[in-house]
Each structure stands twice: as C-alpha cells, then as structure tokens.
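# A closer look at the structure
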Amino acid sequence: QFSASAAFPRVGPNYDEGFASGANGIRYKDFSAGVGKETKDGDVLRIQFALFLPDGSIVSRFEGVEEKVTIGQVPNPYPPGLEQGIKGMKVGGERAIIIPPEMGWTQKYRSLSVKYLRSCGGGSCPLDNSPLIAQVKLIGFQKSECADGGAPVSADLSQMKQGKILLKIGSEICPEGNVEVTEDRLKAASMIDKLKAAGKL
C-alpha cells in the first residue's frame, strides 16, 4: 500500500540530502529499488504519487493519486520533471523526485491536472517559484515493444505427421503480449523459472 509519509524526505534546509542529480536540475532518491527491468521511453507506467512543497505542505488532492504516464509521449499532459524523474524505475520501486519549478506544474500543466492537484486559488501560486517533491511508487508498466496488442502466436508443424501442431504463444520479449508488468507477474515468472531449473516443469 502506498504511504507517502514512510519515504518522505526530511523537511527543512537539508530536505534534499542524499539525492542524486539528474538532467535539467531534477534530483531523485530511491527508497525502494523495485524488481525487474528498468522502464524506458515509450513504456506506459502506472504510478501512485503524492506531491509536496519543501515545507511539507501537500499539493496533490490526496496521497496515492494513481495515474498512467507514457514516457516520451508528445504532447504529454504531465510535466517533464515527473516524466523524466520516473524513467528508469522498476516495478515496486519507490522514489522521491525534486522537481525545479520550471520543470514542474507550471500554469500550463496545472490546467491539465485539476482532478488531482489542489487549486492555488487567486493570485500567485507557490508552484511557480518553489521546487516540488513528487513521491512515486511504480505499480506496473506496459512495454513499448509490446504495444501492438495480443501475444504473438507461432505454429510448429514438425510433428504434423503424428497429428500434432504445437502452438507457441508469445515471444522472448513479449511472452504474454501487451499486458502490464507487475510485481505479482514477476514473482510468478521467477517461481516458474526456478521450477524449470529444478526439473519440476
């Protein structure tokens, strides 16, 4: 279950202590590495997140907002700071991302985010001038190379004389087609691999 408070960085002048530097002024820190392969351009990520100001004020309407974000999508309804910050995450991973104001929820993106972003009200908005901390958990993702849809099917006709046609569903890259990669699927695949290695399958 998503819990922003568990990994939220300390509030105060050193709230960004221990964060790695990324491109365009983005900084990030992984609190849980996750499992499986890293996400990349074109993948569709299902994330839960919460947004905070450095003083600890929550900016998202609630903790655990769930959205789907496509890395590299043009145009993208999500600010570049979030999109770039979640790239490379693994399923089950939790990451805090410090997003500079020019890469975050500027007025352009605030107009697209009314369903999960608290209103700034009238006058100036703190999001215009303050870094924003996005705390993210990657729930699952769909691989870009599997975007064509169902699992590919191929037929092995070598045993046709014996009245058998063997069907192979999937491929090495997309064994199940365009399904979401989740922790449960990765655990199941790992268990099957172990059983095969032990000669039990």
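A brief report on the enclosed structure follows.

Rules used throughout
Residues numbered from 1 in each chain as written. Predicted model: local features only at pLDDT ≥ 70, side-chain atom pairs only at ≥ 80, totals over all residues. Heavy atoms only, no water. Helix = DSSP H or I, 4+ residues; strand = E, 2+ residues; numbered from the N terminus. Buried < 20%, exposed > 50% of the residue type's maximum accessible area, 1.4 Å probe, protein only. Contact = heavy atoms within 4.5 Å. Areas by Shrake-Rupley, 256 points an atom, 1.4 Å probe, with all protein chains shown as cover. Polar contact = N/O pair within 3.5 Å; in protein donor to acceptor, adjacent residues only side chain to side chain. Core = buried A, V, L, I, M, F, W, Y, C linked by side-chain atoms within 4.5 Å. Expected span 1.5 Å × (residues − 1). Salt bridge = Lys/Arg side-chain N within 4 Å of Asp/Glu carboxyl O. Pairing = 2+ DSSP bridges.

### Comments concerning the overall build of the protein chain
- Tallying secondary structure elements over the protein chain gives four helices and nine strands in all.
- Seen in sequence order, the protein chain has helices and strands lined up from the N terminus as α-β-β-β-β-α-β-α-β-β-β-β-α.
- Going through the 201 residues of the protein chain one by one, you find that 37% of them count as buried.
- Considering only contacts within the protein chain whose residues lie at least 6 apart along the sequence, 71% involve residues at least 24 apart.
- Of the roughly 11,400 Å² that the protein chain leaves accessible, carbon and sulfur atoms contribute 52%.

### Quick word on the environment of Lys-87
- Position of Lys-87 relative to the elements: it lies in the loop between α2 (80-86) and β5 (94-99).
- Counting along the chain gives 44 residues from Lys-87 to Asp-43, while the straight-line C-alpha distance between them is 9.1 Å.
- Among the polar contacts listed, one links the side chain of Lys-87 to the side chain of Asp-41, at a separation of 3.2 Å.

### Quick word on the nonpolar core
- Residues Leu-51, Leu-82, Trp-105 and Val-136 are the most contacted members of the largest nonpolar core, which totals 30 residues.
- Looking at this core, the elements with two or more residues in it are β3 (44-52), β4 (65-70), α2, β5 and β6 (132-142).
- With five residues, β6 is the single largest residue contributor to this core.
- Sequence-distant contacts of Trp-105, that is, excluding residues within four places in its chain, are made with Leu-51, Pro-79, Leu-82, Ile-99, Arg-110, Ser-113, Tyr-116, Leu-117, Leu-127 and Leu-132.
- In terms of nonpolar packing, the next biggest core, distinct from the first, is built from seven residues, Phe-52, Ala-96, Ile-98 and Ile-133 among them.

### Examining helix α4 (residues 183-197)
- Its 15 residues place the ends of α4 21 Å apart at the C-alpha level, agreeing with the 21 Å of an ideal helix rising 1.5 Å per residue.
- Of the residues trailing α4, Gly-199 is marked for its positive phi of about 75°.

### What to know about unusual backbone geometry
- Unusually for a residue other than glycine, Asn-24 sits at a positive phi of about 60°.
- Structurally, Asn-24 is set in the loop between β1 (20-21) and β2 (27-32).

### A few points about the pattern of salt bridges
- Across all of its chains, the model carries five salt bridges by this definition.
- Between Asp-43 and Lys-40 there is a salt bridge, and its shortest N-O distance comes to 3.2 Å.
- Of the residues examined, Lys-40 reaches a relative accessible area of 32% and is grouped as partly exposed.

### Brief notes about the pairing of β3
- With eight of nine residues buried, β3 is to be regarded as a mostly interior element.
- Relative to β4, β3 is paired through six bridges, and the arrangement is antiparallel. Note on β4: the bridge partner recorded for Arg-46 is Lys-68.
- Two strands pair when backbone bridges link them, and β3 and β6 are joined in this way by nine bridges, in the antiparallel orientation. Looking across to β6, one finds that Phe-49 is bridged to Val-136.

### Here's the deal with the side chain of Glu-67
- Within the secondary structure layout, Glu-67 lies in strand β4.
- Looking at Glu-67, the relative accessible area reads 12%, which means it is buried.
- There is a polar contact of 2.5 Å between the side chain of Glu-67 and the side chain of Tyr-78.
- Those residues in contact with Glu-67, other than ones at most four positions away along the chain, are Leu-45, Arg-46, Ile-47, Phe-49, Tyr-78, Lys-115 and Tyr-116.

Functional significance is not addressed by these values, which are geometric in nature.
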